[in-house]
Amino acid sequence: MAATTGATRTSRATGTAVEAASTTPAPSLPSLTGLRWMAAVLVFGLHVRNFGYFGGTGGRIATWGFGAGATGVSFFFILSGFVLMWSSRPGDRAPAFWWRRIARIYPVHLVTAAIALLMSLTLAHQVKPTLYQVLANVLLLHAWWRPWWQTLDPVSWSLACEAFFYAAFPLLGLWLRRLGARGSAVLAGLSVLAVLVLAWSDAHHWPGQPLYSFPAARLPEFVLGAAAARVVGLGQWRGPGLEASLALAITGYFLVPHVPAGYPATTCTLIGFALLIPAAAVADLRGLPSVWRHRRLVRLGELSFAFYMVHLLVLRIGTDLLGTSPHFGVLPALTTTVVVFTVALGLSWALYEGLERPARRLLLRRHSRREHRAGQPAVGRQS
């Protein structure tokens, strides 16, 4: 889960992006921040449905609307690749890049992991992790072994995937900067093909471990986003506009129930998401209408990482008060959902303002001072 970054500069006469080889900061893409909130809401809706708040007809409607909400994680992976490639610049050192990623995700990850550990030790209905599980979670290695993939804060498995992507990105970024638009498009196509092959393998009983949470299996989505960013950065994007891309993404979303659950569901929304993200970026660059850069959506998008990390903990606490799968009627279920959503949003605001932003600034400031003392050149900031 990565935020768009950089300061604005004049785009090409066509209104598309600036050449990625430039050393100046990349233009800001606020619509991508707004879209992050959409993905976070899909995941939240899925978990509300999984916790069984809605019974009867309400449960069927919740399943229809949010049963495919796990595809929001796929959106995050594609978006992460796009944003990191968009904001990367030649000469950026790998250690500096990795430190910025640590500053971006680790403060919230460590705090939510600590809260989850405390909950597991004090609340009923919670599985108590072993020491090795806790260490694997803290080091973001737990998604590599299926029995541990939902240790502590369950949604943190996606951070373990992101950590793997970050480890690979300096080499991927170097490679992509050597490719033109055609080569990047070919790489994007190969990434789509890789997802299709992996989905087929997963549906036909991949030996040992399902691929849904396996970091290496999710890498093609990240590469797809990075390749799309390279094409946009070269001013060669020729995909459909924002409305058509959104329609394709929504169509794919509602196709998910018709394929095997888990990794294969990724194939339904892959193309739609891979078109929607660049379309939103191009809309920002050209000044075209985009509901996703509305200031309130952008603000919610800024909170989306903290919201994503904290919402499932709020739902888990709710099981002590409401029981498991209460199957309320529509009105009580809606009321409960609104309360849980409000609490999770309030906590995400507190985490963002009280921890995520100040901790990131502090860590980046100290790192910048160390680089200055070492005589290393400053590089454009990425968030």
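What counts and what doesn't
- Starting from 1, residues in each chain are numbered consecutively following that chain's sequence as written.
- Totals for whole chains, interfaces and linings use all residues, but because this is a predicted model, local features are given only for residues with pLDDT of at least 70 and pairs of side-chain atoms are given and counted only at 80 or more.
- Excluding hydrogens and water, the side-chain values take into account all heavy atoms of the structure.
- By convention in these notes, a salt bridge is any Lys or Arg side-chain nitrogen within 4 Å of a carboxyl oxygen on Asp or Glu.
- Per the convention used, a helix needs a DSSP run of H or I reaching at least four residues, while a strand needs a run of E reaching at least two, with both numbered from the N terminus.
- For every residue, the accessible area (1.4 Å probe, protein chains only) is compared with the maximum for its type, and the residue is labelled buried under 20%, exposed over 50%, or partly exposed between those bounds.
- The directions from the helix axis to the C-beta atoms are what the arc is built from.
- The contact rule is simple, with two residues in contact once any of their heavy atoms fall within 4.5 Å.
- Cavities and pockets were defined on a 1 Å grid built from protein atoms only: a cavity is a group of points that admits a 1.4 Å probe but offers it no way out, a pocket is an open group of points flanked by protein on both sides within 12 Å along at least five of seven lines, and a lining residue is one with an atom within 4 Å of any such point.
- Grid points are joined across faces, edges and corners, and a volume is the space filled by probe spheres set on the points.
- Under the scheme applied, nonpolar residues are Ala, Val, Leu, Ile, Met, Phe, Trp, Tyr, Cys and Pro; charged residues are Asp, Glu, Lys and Arg; polar residues are all the others, including Gly.
- For this analysis, a nonpolar core means a set of buried residues of the types Ala, Val, Leu, Ile, Met, Phe, Trp, Tyr and Cys, connected via side-chain atoms within 4.5 Å.

## Points about the pattern of salt bridges
- This structure, assessed with the given rule, holds 8 salt bridges.
- Residue Glu356 pairs with Arg104 through a salt bridge whose shortest N-O separation is 2.6 Å. Within this pair, whereas Glu356 is found in helix α12 (residues 330-373), its partner Arg104 is found in helix α4 (residues 94-122), the two being separated by 252 residues in sequence. No difference in accessibility class separates Glu356 from Arg104, as the two residues are buried.
- The salt bridge involving Arg357 is made with Glu353; its shortest N-O contact spans 3.2 Å. Of this pair, Arg357 and Glu353 are both found in helix α12, 4 residues apart, which corresponds to roughly one turn of the helix.
- Relative accessible area serves as the criterion here: at 23%, Arg357 is assigned to the partly exposed category.
- Within this structure, Arg299, Glu302, Glu353 and Arg357 form a network of salt bridges that share partners.

## Focus on helix α5 (residues 131-138)
- Three or more residues of α5 are buried, namely Gln133, Val134, Ala136 and Asn137. Projected down its long axis, α5 shows its buried positions confined to an angular sector of 165 degrees, all on one face. With respect to the buried face of α5, the exposed residues turned more than 90 degrees away are Leu131 and Tyr132.
- The secondary structure elements touched by the buried residues of α5 are α4.
- Trailing α5 by a residue or two, Leu140 shows a phi angle of about 55 degrees, which is positive.

## Here's the deal with the layout of surface pockets
- There is about 790 Å³ of room inside the largest pocket.
- Residue lining of the largest pocket: 40 residues in total, with Leu46, His47, Asn50, Ala70 and Tyr212 positioned closest to the centre.
- Of all the secondary-structure elements, those providing two or more residues to the lining of the largest pocket are α1 (30-50), α2 (56-66), α3 (71-87) and α11 (295-322).
- Sorting elements by how many residues they give to the lining of the largest pocket places α1 first, with 5 residues.
- Taken together, the residues of the lining of the largest pocket break down into 22 nonpolar, 13 polar and 5 charged.

## Concerning unusual backbone geometry
- Of note in this structure, Leu140 is not a glycine but carries a positive phi near 55 degrees.
- Within the fold, Leu140 resides in the loop between α5 and α6 (157-177).
- In this structure, Ser325 takes a positive phi of about 50 degrees despite not being glycine.
- As for its position among the elements, Ser325 is in the loop between α11 and α12.
- According to the relative accessible area criterion, Ser325 is partly exposed, its value standing at 37%.

## Quick look at the nonpolar core
- Among the nonpolar cores identified, the biggest contains 94 residues, and Leu32, Phe75 and Phe82 are the most heavily contacted of them.
- At 12 residues, helix α10 (residues 266-286) tops the list of elements feeding residues into this core.
- Beyond its immediate sequence surroundings of up to four residues, Phe82 is in contact with Leu29, Leu32, Gly225, Ala226, Ala228, Ala229, Val232, Ile277, Pro278 and Ala281.

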